[in-house]
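Chain by chain, the residues run as shown.
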Amino acid sequence: MPTTKFDKESIKKSIVGKVQRYNGLTIEEATKQQVYRAVASTVRDQIMQKYMVSREERKKSKKKRLYYLSVEFLMGRSMYTNMLNLVSSKEYTEALQELGIDIKELLKEEPEPGLGNGGLGRLAACFMDSLSSLDLPAMGCTIRYEYGLFRQKIVDGQQVELPDSWLDNGNAWESAVMQDTCEIHFGGHVEEVEINGQKKYVTRDYYTVEAVPYDMPIVGYDTATVNPLRMWSARSPKKIDLNSFGEGRYIQASEEIELAETISKVLYPEDKHYEGKMLRLKQHYFFVSASLQYIIKEFKKAFGNDFARLPDKVVIHINDTHPGMAIPELMRILMDEEGLGWDEASAIVQKTVAYTNHTIMAEALEKWPVNMVENLLPRCYQIICEMNRRLCERLWNSFPGDWDRIAHMALVSYDNVHMANMCVAMSYSVNGVSQLHGEILKSDTFHDYYKVMPEKFCAITNGITHRRWLMSCNPGLTNLIYDSIGDGWVREPERLSELLPFADDAAFRDKFDQIKHQNKERLAALLRERQGAIVDPDFIFDVQAKRLHEYKRQMLNALHILVLYNRIVNDENFTMEPRLFVFGAKASPGYYRAKQIIRMICALSSLIEKHPRARKMLQVVFLENYDVSSAEVLIPAAEVSEQLSTASKEASGTGNMKFMMNGAVTIGTMDGANVEISEQVGMENIYIFGMRSDTVLDMYREHSYNPMSIFESNQEIRLALVDVVVGYIGFQLLKDRCGLGLSYPALYLPEQHFSSPSFFSGIVGSYG
Ligand SMILES: *Cc1c(COP(=O)(O)O)cnc(C)c1O
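Rules of the game
Every chain's residues receive numbers from 1 upward, in the order its sequence appears when written. Two thresholds apply to this predicted model, a pLDDT of at least 70 for residue-level local features and 80 or more for giving and counting side-chain atom pairs, whereas whole-chain, interface and lining totals are computed over all residues. As a convention, hydrogens and water are excluded, and side-chain values are obtained from all of the structure's heavy atoms. The classification of residues rests on relative accessible area computed with a 1.4 Å probe and restricted to protein chains. Under 20% of the type maximum is buried, over 50% is exposed, and intermediate values are partly exposed. Secondary structure is summarised from DSSP: a helix means a run of H or I of at least four residues, a strand means a run of E of at least two, and numbering begins at the N terminus for each. One requirement defines pairing of two strands: DSSP has to find at least two bridges between them. Handedness of a crossover: with both strands directed away from the viewer, a clockwise path from the first strand across the helix to the second marks it as right-handed. Grouping buried Ala, Val, Leu, Ile, Met, Phe, Trp, Tyr and Cys residues that are joined through side-chain atoms within 4.5 Å yields what is termed a nonpolar core. Source of the domain bounds: an automatic or database domain assignment. Any two residues whose heavy atoms approach within 4.5 Å are treated as being in contact. We call a residue near a molecule or strand whenever a single non-hydrogen atom of that residue lies within 4 Å of it. Throughout this description, a polar contact denotes any pair of N or O atoms lying within 3.5 Å of each other; where both atoms belong to protein, one of them has to be capable of donating a hydrogen while the other can accept it, and for residues adjacent in sequence the pair is counted only when both atoms sit in side chains. Using a 1.4 Å probe, accessible areas were evaluated by the Shrake-Rupley method; residue-level cover was limited to the displayed protein chains. What counts as a ring pair is set by centres within 6.5 Å for rings of Phe, Tyr and Trp (its six-membered ring), and what kind of pair is set by the plane angle: stacked under 30 degrees, edge-to-face over 60, tilted for all other angles. Per residue, pLDDT captures the predictor's confidence, and it can take any value from 0 to 100. Note on terms: buried area is the combined drop in 1.4 Å-probe accessible area of two parts once they are placed together, counting the loss on both.

### What to know about the pairing of strand β6 (residues 182–186)
Next up, step 1: Burial along β6 is one-sided: Cys-182, Ile-184 and Phe-186 are buried, and none of Glu-183 and His-185, which face the opposite way, are.
Next up, step 2: In terms of strand pairing, β6 meets strand β9 (residues 207–219) through 5 bridges, oriented antiparallel. Bridging across to β9, Ile-184 finds its partner in Val-209.

### Quick notes on the pairing of strand β22 (residues 665–668)
Next up, step 1: Judged by which residues are buried, β22 turns out to be one-sided: Thr-666 and Gly-668 face inward and are buried, whereas Val-665 and Ile-667, on the alternate face, are not.
Next up, step 2: For the crossover that starts at strand β21 (residues 640–643), traverses helix α26 (residues 655–661) and ends in the parallel β22, the hand is right-handed.
Next up, step 3: Of the pairings in the sheet, the one linking β22 to strand β23 (residues 687–688) comprises 2 bridges and is parallel in character. Looking at β23, one finds that Gly-668 is bridged to Ile-688.

### Some details on the nonpolar core
Next up, step 1: Judged by nonpolar contacts, the single largest core of 132 residues is most densely connected at Phe-286, Met-325, Met-387 and Tyr-449.
Next up, step 2: When residues in this core are grouped by element, the largest group, 12 residues, is from helix α9 (residues 278–303).
Next up, step 3: Split by domain, this core shows at least three residues from each of two domains, domain 1 (1–61 + 86–110) and domain 2 (62–77 + 112–459).
Next up, step 4: Not counting residues up to four positions away in its chain, the partners in contact with Tyr-449 are Leu-391, Met-409, Leu-411, Asn-421, Val-424, Ala-425, Pro-454 and Phe-457.
Next up, step 5: If you look at the next biggest cluster of nonpolar residues, it comprises 40 residues, including Leu-559, Leu-564, Ile-598 and Cys-602.

### Remarks on the site of the ligand
Next up, step 1: Surrounding the ligand, one finds 13 residues, the nearest of these being Lys-546, Lys-552, Thr-654, Gly-655 and Lys-658.
Next up, step 2: In the environment of the ligand, an oxygen atom lies 3.0 Å from a nitrogen or oxygen atom belonging to the backbone of Gly-655.
Next up, step 3: Taking Lys-658, its side chain carries an N or O atom lying 2.6 Å from an oxygen atom of the ligand.
Next up, step 4: Protein contacts shield 96% of the accessible area of the ligand, which totals 390 Å² for the unbound molecule.

### A word on the sheet that holds β22
Next up, step 1: A sheet is described by the order of its strands in space; here 6 strands give the open sequence β20-β19-β18-β21-β22-β23, paired in parallel fashion. Strand pairing shows two members of the sheet lacking a second neighbour, β20 (618–623) and β23, which therefore form its edges.

### Describing the packing of aromatic side chains
We describe a pair of aromatic rings using the distance from one ring centre to the other and the angle between the two ring planes.
Next up, step 1: In total, this model carries 11 aromatic pairs according to the counting rule given.
Next up, step 2: Considering the side-chain rings of Tyr-274 and Trp-368, the 6.0 Å spacing of their centres and the 75° angle between planes classify their relative orientation as edge-to-face. With Tyr-274 in the loop between α8 (250–261) and α9 and Trp-368 in strand β13 (residues 367–369), this pair connects stretches of sequence that are 94 residues apart. Trp-368 matches Tyr-274 in its accessibility class, with the two residues each being buried.
Next up, step 3: Relative to Phe-303, the ring of Phe-299 has its centre 5.1 Å away and its plane inclined at 40°; by these criteria the two rings are tilted. With a gap of 4 residues between them, Phe-299 and Phe-303 both fall in helix α9, about one helical turn apart. No difference in accessibility class separates Phe-299 from Phe-303, as the two residues are buried.
Next up, step 4: Aromatic rings pair up to connect Tyr-68, Phe-73 and Phe-127 into one cluster.

### Re the side chain of Glu-270
Next up, step 1: Its place among the elements puts Glu-270 in the loop between α8 and α9.
Next up, step 2: Its relative accessible area of 13% is what places Glu-270 among the buried residues.
Next up, step 3: Apart from residues lying up to four places away in sequence, Glu-270 is in contact with Asn-117, Glu-275, Arg-280 and Ser-588.

### Let's talk about the sheet that holds β13
Next up, step 1: Taken together, the 3 strands give an open sheet; going across it, the order is β13-β15-β14, and neighbouring strands pair in antiparallel fashion. Each end of this open sheet is capped by a strand with a single partner; those strands are β13 and β14 (412–413).
Next up, step 2: Taken together, the 2 bridges between β14 and strand β15 (residues 416–418) define a ladder with antiparallel strand orientation. If you follow Ser-413 over to β15, its bridge partner there is Asn-416.

### Some remarks on the confidence of the model for the protein
Interpretation of the predicted coordinates at a detailed level should be avoided for regions scoring low in pLDDT.
Next up, step 1: Scored by pLDDT, the protein has a mean of 93; 94% of the residues are at 70 or more.
Next up, step 2: Confidence, expressed as mean pLDDT per element, reaches its minimum in the protein at helix α32 (residues 751–755) with 39 and its maximum at strand β18 (residues 540–545) with 99.

### Some remarks on the domain arrangement of the protein
Next up, step 1: Segmenting the protein into domains produces domain 1 (1–61 + 86–110), domain 2 (62–77 + 112–459) and domain 3 (474–705).
Next up, step 2: Placing a centre on the C-alpha atoms of domain 1 and another on those of domain 2 gives a separation of 35 Å.
Next up, step 3: At the junction of the two partners, domain 1 supplies 20 residues and domain 2 supplies 24 residues.
Next up, step 4: Taken together, the two surfaces of domain 1 and domain 2 that pack against each other cover about 2000 Å², and 53% of this comes from carbon and sulfur.

Written as structure tokens, this is what we have:
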């Protein structure tokens, strides 16, 4: 196969040629977006050459392939990562420079595909990068949401959500794979029929939605492997036919089409929270069924009907329980379509599916009302009930007479289908995402399952790709590391420990400081451009960036700032090292308290701004629209990384790792991967505070949480909290609730605020 070269001159020629062919323009005449398309298309040509070789190689070698099913992939922009992983970033940078194109500006032309909420989706994206970079054959499977996570604006100190229509200018990296389009069936009813003396189950009167796959190639760093991320898009099989015009059914037909296409319209914006909504269940089954049909089709091409080999050739990994319907769906395909018996199919499923749990919080554990599953997926529901019957029979032998325990472990109980139980019962691996989280799964969340099937449980701590979170986002630090220890760490990131001797090297530390300062200036420029915020790069940059959640305790951080403010205001001799607190966080649109916390942070910011002495030492900025692209500017500029979750609640965290990798000091609780970070860096190099996880869990069991005693005994905390309720901050928080007639100071004291433990949830743990 002839391959095109991608040296500097060929790259230039390709870009110029594409702008000419697509737009009939010269580079000078073309818009930034047109130039972006031409450059992306050139990078894509280079990827596609590898992609074809990689695909042929996989087909020949018939190696085992991982299918990573996730309802979210928070990929971030692709152009620079692709250049980097093709080991061509130097060639592209120089080529663009010679064409008079500013690469930094060009990269901003790419819309960020925000197909995820936070850590869970970003983990999936980091895995894709790593799988290709480790030459492991894999495919990511997800939904091609037309609208990703909302874009966030702060207006009058409050979050406003705007739609994220990221596909407006098309997606330069994807291509539709029409030949893999398949049908997804919903609804109907199941009939038992006999065919050649064999009992069979067929679903009748279902309705059909088509699933059209779009593949995005994921390049490995200097490897031959290119793996696809497959995004399924929903399409109605109905076409508007011209006759319906005459018959007046045009509107009805177009409504039906719209209904089908709603399935891949928008990403649910809840992080670590689910709602038992029909549309969400449809989304899950839609992409799971499409992915499984494809998996089986591919398997049969290579291995015929030898399904006993499926577990040797395929792993289906389900990222949290969202794709859990893969379990009954694989049973259905193996039995109803491929003719296997129950025992055979069930044994295959239990050797093929692996499950990762991401949280122990009750509100995130999915359960679907029985009538919803039965109506939408009648055959899957039957299969779930039969799996449940067999499971409970087995549990009865382990726990005779213990009905409560069995109900707690069942797949179907109290009119709900319990997804986590199904995933634990039916996969070969149940993974926790940090050592601590793995232990809590065994001792707490799935304790009863652990007693019956201990061999399944494992804990593989989450990770991040250093290619994006160091090499791509922090070129200054990357070059300093090259100069200090060479480039062995690029392929073996553990070798970053070779930097250890430089800890006391004055010249190294000087250079590190300079780089940090440059990164702070880069962030300052972003804040100025995006939202007109002016910050001083000589302040300490103290950052908390992650989804807004009570358990992540942005509130605790805010109260600490309020305490600092009070110290300044109440003592005119008080001084401190000037410190900028940056928050980046989206709140789920329906999460009222989270939105109130954003208001509190913004109110705090303006309160400090108004005080001539406080503003010299203290500043608060709320960075709008925290996403992967802004994380790539924010994190390299951070000197302090805030990881404050109530111990036991953050299963792992990956933000903590990104900050660490960019040389920020962590202040945090002994939660998730913070525990392992503290073991790696040593307790003298991390600021750990607060209750330990076992203490928190004991307090829950004993109902012994009493924040009021802290309120009563700690004067600074009391002062800060009273500010929140009755002072300027309280006024800001209550403004629109009390109507315009109310003047500051607002003496509106809602009784329940004092008695509700969650109001104080930010306090216990830090001072407890
Ligand atoms: C890494 C990342 C997260 C996860 O951060 P945590 O601190 O682990 O919750 C969320 N959002 C974005 C954009 C990220 O890059």
